[in-house]
Amino acid sequence: MSRVVTTYHQRVAQEKRALIVTAATALFLELGYDRTSLAQIAERSGVSRATLFKQFPSKAALFDAIVTESWATADEEEPPPAGNLVDGLSTIGRRYAELLSQPRMTDLFRIVIAELPRFPELAHAQFSHGKMPYFESVRGYLLAEHEAGTARVEDVELAATQFLGMISNYVFWPTLLVPGWEVSAERVTQVVDEAVRTIAARYAVPGPDTSTTD
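Residues numbered from 1 in each chain as written. Predicted model: local features only at pLDDT ≥ 70, side-chain atom pairs only at ≥ 80, totals over all residues. Heavy atoms only, no water.

Caption draft 1: View of the overall build of the chain. Per the secondary structure count, the chain includes 11 helices and zero strands. In the chain, the succession of helices and strands from N to C terminus is α-α-α-α-α-α-α-α-α-α-α. Dimensions of the chain along its principal axes, counting C-alpha atoms only, are 60 × 50 × 30 Å. Out of the 214 residues in the chain, the part that is buried amounts to 39%. Residue pairs at least 24 apart in sequence account for 69% of intrachain contacts in the chain once pairs closer than 6 positions are excluded. As displayed, the chain offers around 11,800 Å² of accessible surface, 55% of which is attributable to carbon and sulfur atoms. One way to put it: in the chain the 20 positive side-chain charges average out to a point 8 Å from where the 27 negative ones average out. (Helix = DSSP H or I, 4+ residues; strand = E, 2+ residues; numbered from the N terminus. Buried < 20%, exposed > 50% of the residue type's maximum accessible area, 1.4 Å probe, protein only. Contact = heavy atoms within 4.5 Å. Areas by Shrake-Rupley, 256 points an atom, 1.4 Å probe, with all protein chains shown as cover. Lys, Arg positive; Asp, Glu negative; His and termini not counted. Charge placed at Lys NZ, Arg CZ, Asp CG, Glu CD.)

Caption draft 2: Broad picture of the packing of aromatic side chains. If you walk through the whole model with that rule in mind, you get eight aromatic pairs. A centroid spacing of 5.2 Å and a plane angle of 15 degrees characterise the contact between Y96 and Y134, whose relative ring orientation is stacked. Of this pair, Y96 sits in helix α6 (residues 85-100) while Y134 is found in helix α8 (residues 120-148), placing the two residues 38 residues apart along the sequence. Their ring planes at 85 degrees and their centres at 5.6 Å tell us that F109 and W173 sit as a pair that is edge-to-face. Highlighted residues: F109 in helix α7 (residues 103-115) and W173 in helix α10 (residues 173-177), separated in sequence by 64 residues. Residue class for F109 comes out buried when judged on its relative accessible area of 13%. The exposure class assigned to W173 is partly exposed, which follows from its relative accessible area of 32%. Taken together, F28, Y33, F63 and F119 form an aromatic cluster joined through their ring pairs. (Phe/Tyr/Trp six-rings, centres within 6.5 Å; stacked < 30°, edge-to-face > 60°.)

Caption draft 3: Geometry of the environment of V196. As for its placement among the helices and strands, V196 is situated in helix α11 (residues 185-203). Sequence separation between V196 and T91 is 105 residues; the distance between their C-alpha atoms is 9.8 Å. Every residue in contact with V196, bar those within four places of it in the chain, is listed here: V86, L89, S90 and F163.

Caption draft 4: View of the side chain of E115. Inspection of the secondary structure puts E115 in helix α7. Note on E115: relative accessible area 4%, which makes it buried. Within the structure, the side chain of E115 is placed 2.6 Å from the backbone nitrogen of Y33, a separation counted as a polar contact. Beyond its immediate sequence surroundings of up to four residues, E115 is in contact with G32, Y33, D34, P120 and L122. (Polar contact = N/O pair within 3.5 Å; in protein donor to acceptor, adjacent residues only side chain to side chain.)

Caption draft 5: The layout of surface pockets, seen in detail. Estimated volume of the largest pocket: approximately 260 Å³. Listed by contribution, the elements that provide at least two residues to the lining of the largest pocket are α6, α8 and α9 (156-171). Class assignment of the residues belonging to the lining of the largest pocket gives a composition of 10 nonpolar, five polar and one charged. (1 Å grid on protein atoms, 1.4 Å probe; cavity = no way out; pocket = protein on both sides within 12 Å on 5 of 7 lines; lining within 4 Å. Points joined across faces, edges and corners; volume = space filled by probe spheres on them. Nonpolar A, V, L, I, M, F, W, Y, C, P; charged D, E, K, R; others polar.)

Caption draft 6: Main features of the confidence of the model for the chain. Scored by pLDDT, the chain comes out at a mean of 90, with 92% of its residues at no less than 70. Every residue in residues 209-214 scores below 50 in pLDDT, and together they form 17 contacts with partners more than four places removed in sequence or on other chains. (pLDDT = per-residue confidence, 0-100.)

As C-alpha cells, then:
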C-alpha cells in the first residue's frame, strides 16, 4: 500500500474519530451517560456501528477519548524551561486559561458532575487521564525552578495548586456554573498576570528574574 493511500486512510480514520467524540459528548450531555448507547452515537456521528466499535469497543473507552481530546493541547506543549519564574509562569498561566476556556472542557466537567453519583469511574478517568497529568507537568516545572535556584518552593504540590486555582477560580468555575457568564480576554490576561505576581512574590528568589510583567 502506497504512503499516499495510507495517509488518506489515516486522515479518514481521524476525521471519523473526531465525529464520534463530538457526537458522544453531545449525547452524554443531552441524555446522560447511562441512557446513551453506542448505537445512538454511531447514528448521530454518521458512521457505521462497525466503525465505531473498531475504534471504541465500550462507552468507557469513548469517555476516555473525550477526556484525552479535552486535555489534548496540554499534552502537546512542553513546560517552559527553568530559569525565569515570571516568564515560565506567564506561559503556563496563559496556556491554562486558554485550555479552560474551550467549550469541550466545560462539557467534560458537566458530564462528570452530572454522572458522579452513579458513575464515579468517570471522575476517576477525568482525574487520572486529564487533570493529574497536567498538574504533574506544572508541579515538575516548579520543581525545576526550585532546583535551578530561581525559586524556593518547599511544597511544589501546594504551589502548583495555588497557582492553577487562582486562574481556574475566576476563568473556569463561574463559566461552568453560571449560564451566560463570560470573561473578556483582557480580564483573563489580568487574572493570569496577578496570579504570576502573587506566586513570584511568595516563591521567587530575589534577583533579576523576579521582575513582574507589566
